[in-house]
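The chain contents come next:
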Amino acid sequence: MPTARAAVLPAAREPLAVDTLKVRDPRDGEVLVRIGASGVCHSDLHAITGDLPMPTPCVLGHEGAGTVEAVGSGVRHVAVGDHVVLNWVPFCGACWYCQSGRNYLCETGYVKAMGAEVFHQNGTTVNQFAGVGSMAEYTVVPESACIPIGADVPLDRACLIGCGVMTGVGAVINTARVQPGESVAIFGAGGVGLNVVQGAQIAGANPIIAIDLNERKLGFAKQFGATHTINAGSTDPVSAIQDLTTGRGVDYAFEVIGRADVVMQAFMAVRRGGRAVVVGVPPAMEMFSLPGMLFPLAEKSLIGSLYGSSLLARDVPRLIDLYRAGRLKLDELITRRYPLTQVGDAFAAMEKGEVARAVLVF
Ligand code: APR
Ligand code: ZN
Ligand code: ZN
């Protein structure tokens, strides 16, 4: 039974600790993964602030990649030594959603992973963020949480596909199915939003309008394919978007922050018949208030996107191939790398808006 140093959240709003935990062996259908890298996503920060309820104590991290160290009985799709990207919605393959081809909505895989009791400290179970817990030297996850990739892609870049890239690119390609020449606006040019921007570029959208409060993020957005940027701190984004689209509004607006006031802006920024897509995760009890009349009389809609509506086993290899072909930016997403012991600095850098993504490397 290995031990692992891990970033542990003792309880919401308490300081993180780097502790050494016991890691149990993989059981039937499970895989022990030696983590190579774990991205720092705003959802991890939401767990720290309490905006995203997560059972504690908890090993943070859900944007991970690593190497298969051992497999339990019955594991067929990965073998010891494989490089894998971790999937934070493991799927059962048998429920109504899995059977109907939407395994990212699986009802049971996530619940089972959340109760897996992988980590222990002084006889107490330490939970895993989203059933993954990738801010640890080792973790144990279900086989369906491991998507094998080639060994040629460095793990610090591959890990980003496990959350931000898949969520962002998938929201454009799979959820909204943006067509060439359609117009999009992206509210929030952070680690996930920049991937909505590059997803829009891959889809051939035009214009691609990025909105943020932070000039550095708007600079990143240009690098990732935004044709226009708007600083919402100094300019009203809705009227600026209308000005850029002959007064009509965009075909699609993506909210990639998790704020009710910005969801309202995204809804107002879409044209008649347009769709606003909520990608950012609002605080648990947050409500949206929108002008109801515009649903029927302007035929606007507001839709959600979970994990980019992605089928990980299909879409991770596609994104890896786009990266290899030079058409998906991963290297440019990583502003800074940190060792696990500096996890607090990595979160602080994200909070201060200094990084596109910070990545913990093991
Ligand atoms: N208007 C415009 N931009 C804003 C605003 C606002 N009112 N408030 C914050 N932002 C910008 C920040 O400046 C930052 O660039 O939103 C961006 C958020 O990016 P990150 O902090 O990197 O967060 P990210 O990891 O991208 O996650 C965004 O998606 O997965 C969910 O839980 C996650 O809700 C979070 C969202
Ligand atoms: Zn995430
Ligand atoms: Zn299922």
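Everything here concerns the structure above.
Residues numbered from 1 in each chain as written. Chains lettered and ligands numbered in written order. Predicted model: local features only at pLDDT ≥ 70, side-chain atom pairs only at ≥ 80, totals over all residues. Heavy atoms only, no water.

1. Structural notes on the site of ligand 1
So the rule is basically this: Here a residue is considered near a molecule or strand provided that any single heavy atom belonging to it is located within 4 Å of it. In protein, a polar contact means a hydrogen-donor-capable atom and an acceptor-capable atom, both N or O and within 3.5 Å, with residues adjacent in sequence counting only if both atoms are side-chain atoms; elsewhere, any N or O pair within 3.5 Å suffices. Per-residue and other accessible areas were derived by the Shrake-Rupley procedure at a 1.4 Å probe size, with only the shown protein chains allowed to occlude residues. A run of DSSP states H or I qualifies as a helix once it reaches four residues; a run of E qualifies as a strand once it reaches two. Both are numbered from the N-terminal end. Under the grouping applied here, Gly and all other residues not named as nonpolar or charged are polar, the nonpolar ones being Ala, Val, Leu, Ile, Met, Phe, Trp, Tyr, Cys and Pro and the charged ones Asp, Glu, Lys and Arg.
As a matter of local geometry, ligand 1 sits amid 20 residues, with His42, Ser43, Val192, Asp212 and Arg357 nearest to it. Here an oxygen atom of ligand 1 and a side-chain polar atom of His46 are 3.1 Å apart. Within the contact set of ligand 1, an oxygen atom lies 2.6 Å away from a side-chain nitrogen or oxygen of Asp212. Here ligand 1 loses 90% of its free accessible area of 730 Å² to cover by the protein chains. Top contributing element to the shell around ligand 1 by residue count: helix 1 (residues 42-49), with three residues. Considered class by class, the residues forming the shell around ligand 1 number nine nonpolar, seven polar and four charged.

2. Let's talk about the pattern of salt bridges
Here is the rule: Note on definitions: salt bridges are taken to be side-chain nitrogens of Lys or Arg within 4 Å of carboxyl oxygens of Asp or Glu.
If you walk through the whole model with that rule in mind, you get 15 salt bridges. Bridged by salt links that share partners, the residues Asp156, Arg157, Asp331 and Arg337 form one connected network.

3. Concerning the nonpolar core
Put simply, the test is: The criterion is simple. A nonpolar core is a set of buried Ala, Val, Leu, Ile, Met, Phe, Trp, Tyr and Cys residues joined through side-chain atoms within 4.5 Å. Type-normalised accessible area, obtained with a 1.4 Å probe on protein chains alone, sets the label of each residue: buried when under 20%, exposed when over 50%, and partly exposed for intermediate values.
In terms of nonpolar packing, the biggest core is built from 92 residues, with Leu60, Val165, Val178, Val184, Phe254, Val316 and Phe347 touching the most fellow members. The next biggest cluster of nonpolar side chains, apart from the first, holds 15 residues, and it includes Ile209, Ile230, Ala240 and Val270.

4. Things to note about helix 12 (residues 343-351)
Residue pairs spaced three or four apart in an α-helix point in one direction, given the helix's 3.6 residues per turn. As a reminder, the rule being used: Our arc is simply the arc of the directions from the helix axis toward the C-beta atoms. By definition, residues are in contact when any of their heavy atoms lie within 4.5 Å.
Within the sequence span of helix 12, burial applies to Val343, Ala346, Phe347, Ala349 and Met350. What you see down the axis of helix 12 is that its buried residues fit within an arc of 160°, all on one side. For helix 12, the elements touching its buried residues are strand 1 (3-9), strand 2 (17-23), helix 1, strand 17 (334-338) and strand 18 (357-361). Gly353 sits one or two residues past helix 12 and shows a positive phi near 75°.

5. Brief notes about the environment of Ala37
Locating Ala37 in the fold gives a position in strand 3 (residues 30-39). Residue Ala37 is classed as buried on the basis of its relative accessible area of 0%. Not counting residues up to four positions away in its chain, the partners in contact with Ala37 are Glu63, Gly64, Ala65, Leu155, Asp156, Cys159, Val359, Leu360, Val361 and Phe362.

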